[in-house]
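Listed below are the residues making up each chain.
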Number of protein chains: 2
Amino acid sequence: MERRLTPRGLERKRQLLDFAARRFAESGFHPTSVAEIVQGMGVGKGVFYWYFDSKEELLLEILQAAQLDLRRAQQAAIEDEPDPLVRIERGIRASLHWLDANRHLDTLIQFARTDEAFAPAIRRGGRVAVTDIARHVQEAIDTGRIPPADPEVLAHCILGVTDSLARVQLIHRGQPPDEVADTAVSFCFEGLTRAGSLSAR
Amino acid sequence: MERRLTPRGLERKRQLLDFAARRFAESGFHPTSVAEIVQGMGVGKGVFYWYFDSKEELLLEILQAAQLDLRRAQQAAIEDEPDPLVRIERGIRASLHWLDANRHLDTLIQFARTDEAFAPAIRRGGRVAVTDIARHVQEAIDTGRIPPADPEVLAHCILGVTDSLARVQLIHRGQPPDEVADTAVSFCFEGLTRAGSLSAR
DNA sequence: CCCTCCCTTGACCGTCCGGTCAAGAGGCCG
DNA sequence: CGGCCTCTTGACCGGACGGTCAAGGGAGGG
């Protein structure tokens, strides 16, 4: 849907994206009806279809915006850090801070992965994330900081640890993002054999 | 729903569980209608509601059976292996073989995690998995095989790496389960600093 | 052979859903 | 002040959905 939007229109669209994202995360995408969204916002149904072609398009825009925002946060955290391993650590840390502030979007992304209508969009963003990390891993290998291996595979491992810990330690147990990041970084760098830098609790 | 089932009835129920699981994984739980399931099986709608109270109950039974089956596979693989680290490795290996043979169930479990109606059931099974692994980790710590740390946190890391690699390397790229297991085990034990045992591809 | 009870049929029901649209409000620019 | 274009309203539609149920088939124990 392409439309010339006034500042007021842009603001309305932002409200819709935000409100819908929270409802979707809370009640699920399919169970949340368009009627429910517009009623919750106190507007007519026409408003929804003025800004979006369909419920599906709305979710796609939410997902795209979320992935863009997360990537921006990661890149801002990395900036021009010269050490590739520190870049990885900062990326993990930034991701956990972002997930802490955007829990509902995490749920939504996880759902989207399981629905064939949205999975392609998620996979695109996932590939970008992997490539980002893999670049730093590759540099770390080239400079002899870590032993050689497929950088993309290692990137997937890092993402897996981060996501898993985010879900349990951060979102479910409410641990501070930096502590979770410490755990994730330590495990990624040294695995089970790490030098006892994990807080034993 | 409690009903006295003849062998024929039990077989019918098994068919329903299996067929529905595949449809749910392929098209999503909500988009797949009961009508679609019974039509696909060539039976009347009454059959469905003879065996299940609702679509929701059906999914719950699918999830419960899947988690039970996975756990059984893991325990069979571990058997009476004395070395706790080898037990962990065998558990990872068994999980990847199971996920390889039950891809559709993996998708389904992932979806269930995002839906508040099913997430509690998944969390129950997840907690069991964590406790299982954590026990071996604890033993490895006690015998000085690995440095001390919260065993449950480490268990979550292991699960995160395994799940993430399963999704990408196994399901998406079609790599053999044992190769993926090698990668996962190596990363879990030594992280990025592992001694080059990861196949560089 | 018949009776019981497991199993199956498929028409039917009320509800809700995504999406449409004719009508109109309202702000901004000329 | 007038007209245009963005934005909003909410009744409306066709159809699909989860779930019900009266009726009947059929296997197997007595």
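Computed from a prediction, not measured in an experiment: that's the story for all the values here.

A. View of the protein's contact with DNA strand D. Taken together, 21 residues lie around DNA strand D, and Thr6(A), Gly44(A), Gly46(A), Lys45(B) and Lys55(B) are the ones closest in. Counted by atom, the contact set of DNA strand D within 4 Å of the protein is 65% sugar and phosphate. Taking Arg8(A), its side chain carries an N or O atom lying 3.4 Å from a sugar or linking oxygen of DNA strand D. Tyr51(A) is positioned with one of its side-chain polar atoms (N or O) 3.0 Å from a phosphate oxygen of DNA strand D. Elements that contribute at least two residues to the surface near DNA strand D include exactly helix 1 (7-27) and helix 3 (45-51) of chain A together with helix 3 (45-51) of chain B. Ranked by the residues each element gives to the surface near DNA strand D, the list is headed by helix 3 of chain A, at five residues. Residue classes in the surface near DNA strand D are distributed as seven nonpolar, eight polar and six charged.

B. Representation of the pattern of salt bridges in the model. Residue and element names in this part refer to chain A. Considering all chains together, one arrives at 30 salt bridges over all chains under this definition. Arg-93 is the salt-bridge partner of Glu-89, the closest N and O atoms lying 2.8 Å from each other. You can see Glu-89 and its partner Arg-93 sitting in helix 5 (residues 84-101), four residues apart, about one turn around the helix. Arg-135 serves as the salt-bridge partner of Asp-132, at 3.3 Å between the closest nitrogen and oxygen. Of the two residues, Asp-132 and Arg-135 are both situated in helix 7 (residues 119-142); the distance of three residues between them amounts to about one turn of the helix. Relative accessible area serves as the criterion here: at 10%, Asp-132 is assigned to the buried category.

C. Up close: the relation of the copies chain B and chain A. The operation relating chain B to chain A is a screw motion whose rotation component is 180°, with 0.0 Å of axial translation and a residual RMSD of 0.0 Å. Seen this way, the second copy is the image of the first under a two-fold rotation axis. Minimal C-alpha distance to the rotation axis in chain B is attained by Gly191(B), lying at 2.0 Å. The fraction of interface residues of chain B whose copies in chain A are also interface residues reaches 100%, indicating that both copies meet through the same surface.

D. Quick peek at unusual backbone geometry. Here the phi dihedral of Glu79(A) falls at roughly 45°; this positive angle occurs in a residue that is not glycine. In this fold, Glu79(A) is placed in the loop between helix 4 (55-78) and helix 5.

E. Summary view of the interface of chain B and chain A. In this assembly, 43 residues from chain B lie in contact with 43 residues from chain A. Of the roughly 3,900 Å² buried where chain B meets chain A, counting both sides, 67% is carbon and sulfur surface. In this structure, the connection of chain B to chain A is made through two salt bridges. Two residues, Glu152(A) and Arg173(B), come together in a salt bridge whose shortest N-O distance is 3.3 Å. Linking chain B to chain A there are four residue pairs in polar contact (both at pLDDT 80 or more). Broken down by secondary-structure element, the contributors of at least two residues to the side of chain B that touches chain A are helix 6 (103-114), helix 8 (151-172) and helix 9 (177-190) of chain B. Ranked by the residues each element gives to the side of chain B that touches chain A, the list is headed by helix 8 of chain B, at 13 residues. Residue composition of the side of chain B that touches chain A, grouped by class: 19 nonpolar, 14 polar and ten charged.

F. Layout of the layout of surface pockets. All names here are of chain A. Roughly 430 Å³ of volume is contained in the second largest pocket. The wall of the second largest pocket is formed by 17 residues, among which Arg-14, Leu-17, Ile-62, Ala-65 and Ala-66 lie closest to the centre. Elements with a minimum of two residues in the lining of the second largest pocket: helix 1, helix 4 and helix 6 (103-114). The element contributing the most residues to the lining of the second largest pocket is helix 4, with eight residues. By residue class, the composition of the lining of the second largest pocket is eight nonpolar, three polar and six charged.

G. The arrangement of helix 9 of chain B in detail. Taking 1.5 Å per residue as the helical rise, helix 9 of chain B with its 14 residues ought to reach 20 Å, and the 20 Å between its terminal C-alpha atoms agrees with that figure. Counting buried residues in helix 9 of chain B gives ten out of 14 residues, a clear majority hidden from the surface. Listing the buried residues of helix 9 of chain B in full gives Pro177(B), Val180(B), Ala181(B), Thr183(B), Ala184(B), Val185(B), Ser186(B), Phe187(B), Cys188(B) and Phe189(B). Packed against the buried residues of helix 9 of chain B are helix 8 (151-172) and helix 9 (177-190) of chain A together with helix 5 (84-101) and helix 8 of chain B. Looking one or two places after helix 9 of chain B, you find Gly191(B), whose phi comes out positive at around 65°.

H. The arrangement of the packing of helix 7 of chain A against helix 8 of chain A in detail. All names here are of chain A. Running from N to C, helix 7 and helix 8 cross one another at 115°; their axes reach a closest spacing of 8 Å. Two packed elements cross with a definite hand, and for helix 7 against helix 8 that hand is right-handed. Between helix 7, through Ala-129, Val-130, Ile-133, Ala-134, Val-137 and Gln-138, and helix 8, the contact on the second element is made entirely by Pro-151, Glu-152, Leu-154, Ala-155, His-156, Ile-158 and Leu-159. A per-class count over the contact of helix 7 with helix 8 returns ten nonpolar, two polar and one charged.

I. Here's a closer look at the confidence of the model for chain A. Across chain A, the average pLDDT comes to 93, with 95% of residues at or above 70. Our summary of model confidence lists the complex with pTM equal to 0.92 and ipTM equal to 0.91.

What counts and what doesn't
Residues numbered from 1 in each chain as written. Chains lettered and ligands numbered in written order. Predicted model: local features only at pLDDT ≥ 70, side-chain atom pairs only at ≥ 80, totals over all residues. Heavy atoms only, no water. Near = heavy atom within 4 Å. Polar contact = N/O pair within 3.5 Å; in protein donor to acceptor, adjacent residues only side chain to side chain. Helix = DSSP H or I, 4+ residues; strand = E, 2+ residues; numbered from the N terminus. Nonpolar A, V, L, I, M, F, W, Y, C, P; charged D, E, K, R; others polar. Salt bridge = Lys/Arg side-chain N within 4 Å of Asp/Glu carboxyl O. Buried < 20%, exposed > 50% of the residue type's maximum accessible area, 1.4 Å probe, protein only. Least-squares fit on C-alpha atoms with pLDDT ≥ 70 in both. Contact = heavy atoms within 4.5 Å. Buried area = accessible area lost by both parts, 1.4 Å probe. 1 Å grid on protein atoms, 1.4 Å probe; cavity = no way out; pocket = protein on both sides within 12 Å on 5 of 7 lines; lining within 4 Å. Points joined across faces, edges and corners; volume = space filled by probe spheres on them. Expected span 1.5 Å × (residues − 1). Axes fitted to C-alpha atoms, helices over the stretch in contact; angles between N-to-C directions. Left-handed = near helix turned anticlockwise from the far one by under 90°. pLDDT = per-residue confidence, 0-100.

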